[in-house]
Amino acid sequence: IKTGLQNNLDIRIAMQNIVAAEATFKQGKAGYFPTLSLGADWTHQELSKNTQIGGLISGSGGSTNVDQYQFVGNLSWEADIWGKIRSNKRSANASYLQTIAANQAVKTQLISSIASTYYQLLAVDAQIKLAEETLINRNESIEVIQALKEAGNVNEVGVKQTEAQKYATEIIIADLKQSVIVLENTLNVLLGQAPGKIERGTFEAQVMQPEITLGVPATLLRNRPDVIAAEYNLISLFEQTNVARSNFYPSFRVTASGGFQSIDLKDWFSTNSLFANVVTGLTQPIFNGRQIKTRYEIAKANQEQAYLRFEQSLLNAGNEVSNALAQYNNETAKLEIRGKQVDALKKAADYSDELLTYGLVNYLEVLTAKDNALNTELSLIDNKYRQYNAIIELYRALGGGWQ
């Protein structure tokens, strides 16, 4: 899990989303400060002699070529009368926190996926071990059935059926080994590394016995990162609605510019070339092609969507917790029953072998008993994995890793 959190590509992508959101947040905080820009330019004009000014200059013997050099600074500042800048700042802050929560959601999903895949891999190992032990018994059964055929207790059909049962077991082992490769590759992708062997323990050595009780307080759902992200998204869009509403009201802006301006390069930075101007005023939008109202209506609709998504995230959270609890309780109950079923079928298989020796059952009953015993033991391992996976799902459904 530590390796996955360090190397997984989805985590690294989510971290870059945080970097981008942090930059936007910093921009939102800077909204109270004025903007300042500097510029330098050179303007060259060729005046027409057929114009009033060009004709006067030309008639007096002056040059109609005009050069102007300018170095200017522009400063602009808007007063936050209606809270537009404040709302933008809050919206950016909420968006940043939403990205943090989304990153935590990716981490929770990754941890759950790694754990689930790991336990599934151990479960398949246990099934392979069981199938290989069964294959040994199948080979012994062929020897027994051959001896019984020579003794005249069974015919060639019984021998071939027993051989077919052995081949079926070999196919099960081949499929399980293929599953191991797929699961190892899946786990390597989650860990952000190239395909290879996964060092692991055994399924029998795993012990997961959490204290789980029915009834999950709604406050626990608040810890789910997707619920937190949905809440911050609602806050962000609520503030954006305030921004859109403030555009209906007049804005107060102060604009100032100043610098050096000269038509002669050598006098460019002299005191006589200094110029400055300051403009202040209120601007009230009247007609603008309905743009402000449209933006406000869109902002309101987006806010309502965010509220509905927040409600939906809470409903989904409660549903997933309920499903995980139900699955855990179901698999736990099935384990006890499945264990009794395995015990009964193994004994039935043993008894059928003895009875076949004395000719009291036919070979078909023996094969059926052994197949049932193997399939039930494989299902028992699968039940145990599903119980573990239900605990992992409950971890994820409660927003795991929050404490």
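Residues numbered from 1 in each chain as written. Predicted model: local features only at pLDDT ≥ 70, side-chain atom pairs only at ≥ 80, totals over all residues. Heavy atoms only, no water.

*Asks:* Looking at this structure, how should I read the overall build of the chain?
*Replies:* Along the backbone of the chain there are nine helices and four strands. Going from the N terminus to the C terminus, the chain shows its helices and strands as α-α-β-α-β-α-α-α-α-β-β-α-α. The principal-axis extent of the C-alpha atoms belonging to the chain is close to 140 × 50 × 35 Å. For the chain, the computed accessible surface area is about 23900 Å², with 56% contributed by carbon and sulfur atoms. (Helix = DSSP H or I, 4+ residues; strand = E, 2+ residues; numbered from the N terminus. Areas by Shrake-Rupley, 256 points an atom, 1.4 Å probe, with all protein chains shown as cover.)

*Asks:* I would appreciate a short explanation of a nonpolar patch on the surface in the present structure.
*Replies:* A cluster of nonpolar side chains, namely L36, L38, F71, L75, W77 and F269, defines an oily patch on the protein surface of about 620 Å² accessible area. At the level of secondary structure, the elements contributing two or more residues to the nonpolar patch comprise β1 (35-46) and β2 (65-78). Considering each element in turn, the nonpolar patch owes the most residues, three residues, to β2. Mapping L36 onto the fold places it in strand β1. A relative accessible area of 62% means that L36 is categorised as exposed. (Patch = residues over 30% accessible without salt bridge, like charges linked within 9 Å, V, L, I, M, F, W, Y side chains within 5 Å. Salt bridge = Lys/Arg side-chain N within 4 Å of Asp/Glu carboxyl O. Buried < 20%, exposed > 50% of the residue type's maximum accessible area, 1.4 Å probe, protein only.)

*Asks:* Where do I start with the nonpolar core in this structure?
*Replies:* Here is a general trend for soluble globular proteins: nonpolar side chains tend to be buried in one another's company. Core analysis: the largest hydrophobic core is formed by 17 residues, its most contacted members being Y119, F203 and I381. When residues of this core are traced back to their parent elements, those giving at least two are α4 (84-150) and α9 (363-397). Top contributing element to this core by residue count: α9, with eight residues. Once you skip the residues sitting within four places of it in the chain, Y119 turns out to touch F203, Q206, M208, Y385, Y388 and I392. Grouped together as the second largest cluster of nonpolar side chains are 16 residues, L121, A131, V180 and L187 included. (Core = buried A, V, L, I, M, F, W, Y, C linked by side-chain atoms within 4.5 Å. Contact = heavy atoms within 4.5 Å.)

*Asks:* What is the right way to read the pattern of salt bridges from this model?
*Replies:* A complete count under the given rule lists 20 salt bridges for this structure. Of the charged contacts in the structure, one is a salt bridge between E170 and K166, with a shortest N-O distance of 3.9 Å. With E170 and K166 both in helix α5 (residues 156-190) and four residues apart, this pair spans about one turn of that helix. It is possible to trace a salt-bridge network through shared partners that takes in R224, D226, E320, E393 and R396.

*Asks:* Quick question: what am I supposed to make of the side chain of S273 here?
*Replies:* Relative to the helices and strands, S273 is located in the loop between β3 (251-262) and β4 (274-283). Setting aside its immediate chain neighbours within four residues, S273 contacts G259, F260, Q261, S262, D267 and W268.

*Asks:* What is the right way to look at the packing of aromatic side chains in this model?
*Replies:* Aromatic ring pairs are described here by two measures, namely the spacing of the ring centres and the angle between the planes. Under the counting rule described, the total for this entry stands at ten aromatic pairs. Between the aromatic rings of Y69 and W268, the centroid separation amounts to 5.8 Å while the plane-to-plane angle is 45 degrees, which identifies the pairing as tilted. Of this pair, Y69 sits in strand β2 while W268 sits in the loop between β3 and β4; the two residues are 199 residues apart in sequence, bridging distant segments of the chain. By the burial criterion, Y69 is buried, and W268 matches it. (Phe/Tyr/Trp six-rings, centres within 6.5 Å; stacked < 30°, edge-to-face > 60°.)

*Asks:* Would you explain the sheet that holds β4 in this entry?
*Replies:* Two pairing modes exist for strands in a sheet, parallel and antiparallel, and in both the strands are linked by backbone hydrogen bonds. The strand order across the open sheet built from four strands is β1-β2-β3-β4, with neighbouring strands paired in antiparallel fashion. Each edge of the open sheet carries a strand with a single partner, namely β1 and β4. In this sheet, neighbouring strand axes are inclined to one another by 20 degrees on average, regardless of whether the strands run parallel or antiparallel. In terms of strand pairing, β2 meets β3 through ten bridges, oriented antiparallel. Directly across from Y69, in β3, lies its bridge partner S262. (Pairing = 2+ DSSP bridges. Axes fitted to C-alpha atoms, helices over the stretch in contact; angles between N-to-C directions.)

*Asks:* I keep staring at the pairing of β4 and nothing clicks. Help me out?
*Replies:* Taken residue by residue, a regular strand's side chains alternate between the two faces of the sheet. With zero of its ten residues buried, β4 lies for the most part at the surface. Where β3 meets β4, ten bridges bridge the pair, whose relative direction is antiparallel. Residue pairing in the sheet places V254 in a bridge with T280 of β4.

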